[in-house]
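Here are the chains, one letter per residue:
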Amino acid sequence: MTSDTTSAPTPVVHHVSHPSTLSCWGDAEDESVLVCWHVRDLSHDVKSLTFATKSGRHLFHFEPGQFVTLRLPVDGVEVMRSYTVSSPPTRPYLLTITVKRQPGGVVSEWLHDNVRPGTELVVHAPLGSFSTVRHPADKYLFLAAGSGLTPMMSMCRNLIDLGSPADVVLVNSVRTPADVIFGDELRALDAIGSHLRVETLCSTVAEGEEWAGERGRLDPERLVRLVPDLCEREVFVCGPAPYMDMVKGALRAAGHDPARYHEETFTFEDIPRADFGDGLVDPVVPYQPTDAYGNVPEEVAADGGAAVVEEQGAEAAGDVDAEIPGSYVVQFTRSGRSIECGPDETVLQAAFRAGLTPPSSCSEGVCGTCKATLLEGEVDMQHNGGIRPREIKMGKVLLCSSKPLGNLSVEA
């Protein structure tokens, strides 16, 4: 593991401003420009990127475990991706995200190759409900695999900094010893925090390679052995989908209360470049009606599949693209396009089906990337924390979580 740190040569900080003289970034702004302060190599494929506000006159205000969304210029196309904050809110002068480089990954490769001290990025304010602040408890179990360690680091650091008496067990799964990140810090936290125990499992250890921790993958039997009182703990899980499925099944079998289970379910770092495309919409867009579960109705399949909707130029921009029984019309005021949206599909699903490409990332109501202003009409919006109450009062909605209750007009 390397520990090289590259720091910004300017500006030089000679003192720290008193918090009472600074405002909080993330309370009022939807997005702002942050400046990279330093870059630290944590392993062969993981970097921590630390940022400050451009003015230097703000503190970062967020909850441990929350994420920020970056708006990036990748190969001439604007891309938005969300990353969990790995630094704790108890250290509010700087904000850090930790990024694992994924071969072929659009954003992770760009961040590793392009972000240097002094690089400016547009960053959306923190969001998310995956946080110990939202679920206070006397006992916690943090289960992480791969990059899933980043929100756990924020929460562990926060609890230690606050002197919390909460009993915390962190079980971290890695592939090889070379994939361990925050190793020295975790050992230090384990040593100084009488209420924190860290267990690191390594699934692959080469012959002759030194490894003092647990060997093998986490499985239900090992989980119960490592944490016999897991049913007494508030559980936070973050990692690849198969890992989380295994953990969920193990907890269920052990009798853990599902109301005390919390997971971070979205990740964009592994989206390959081949799936990214050039960001352009094909002028000939296949149209395929589906039900709420993505199934093609029998009558459509029997008819040979999709109708084809062709762009007819500017004169057709205001036309409705297709007719769906029981559907509503959604007008996008910026593009001038109007589309049909079924009552059981989200506005984002309908937009994609019609060949539009509004900004989006998680499609789960978490990241807030698809946020837009609803000018007319009403929607049923079932989101997962990706929009703030004040934004809802301002008429904003998440397209990925909003199903129409009538005809709509959307500023997008």
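Anything mentioned here points back to the structure above.
Cut-offs used in this document
Residues numbered from 1 in each chain as written. Predicted model: local features only at pLDDT ≥ 70, side-chain atom pairs only at ≥ 80, totals over all residues. Heavy atoms only, no water. Helix = DSSP H or I, 4+ residues; strand = E, 2+ residues; numbered from the N terminus. Buried < 20%, exposed > 50% of the residue type's maximum accessible area, 1.4 Å probe, protein only. Contact = heavy atoms within 4.5 Å. Pairing = 2+ DSSP bridges. Phe/Tyr/Trp six-rings, centres within 6.5 Å; stacked < 30°, edge-to-face > 60°. Axes fitted to C-alpha atoms, helices over the stretch in contact; angles between N-to-C directions.

Caption draft 1: Local environment of the overall build of the protein chain. Counting its regular elements, the protein chain contains eight helices and 24 strands. When the 412 residues of the protein chain are sorted by exposure, 50% land in the buried category. Excluding contacts between residues fewer than 6 apart, the proportion of contacts in the protein chain whose partners are at least 24 apart in sequence is 67%.

Caption draft 2: A look at the pairing of strand E15 (residues 261-264). Sheet topology places strand E14 (residues 234-238) next to E15; four bridges connect them, and they run parallel. Residue pairing in the sheet places valine 237 in a bridge with glutamate 263 of E15.

Caption draft 3: Just the packing of aromatic side chains, in detail. Per the counting criterion, the structure on display carries five aromatic pairs. The interplanar angle of 35° and the centroid separation of 5.7 Å between the aromatic rings of tyrosine 140 and phenylalanine 142 together place this pair among those described as tilted. You'll find tyrosine 140 and phenylalanine 142 in the same group, each marked buried. Ring centres 5.8 Å apart and planes at 80° place the aromatic pair phenylalanine 142 and phenylalanine 236 in the edge-to-face group.

Caption draft 4: Focus on the sheet that holds strand E11 (residues 167-174). The strand order across the open sheet built from six strands is E13-E12-E11-E10-E14-E15, with neighbouring strands paired in parallel fashion. Pairing within the sheet leaves two strands with one partner each, and these edge strands are strand E13 (214-215) and E15. Bridge analysis of strand E12 (residues 196-202) against E13 gives two bridges, and the strand direction is parallel. Counted as the bridge partner of leucine 201 is glutamate 214 from E13. Sheet contacts for helix H2 (residues 149-161): strand E10 (139-145), E11, E12 and E14; angle to E10, the most-contacted strand, approximately 150°. Contacts between helix H5 (residues 241-254) and the sheet are confined to E10, E11, E14 and E15, with E15 contributing the most and set at about 175° to the helix.

Caption draft 5: Focus on the sheet that holds strand E22 (residues 396-398). Taking strand neighbours across the sheet as the criterion, the five strands line up as E19-E18-E24-E20-E22 in an open arrangement whose pairing is mixed. Of all the strands in the sheet, the pair left with one neighbour each is strand E19 (337-341) and E22. Sheet twist, expressed as the mean angle between neighbouring strand axes with direction ignored, is 40°. Direction of pairing for strand E20 (residues 371-376) relative to E22: antiparallel, over a ladder of three bridges. When the sheet's bridge partners are listed, alanine 372 is paired in E22 with valine 397.

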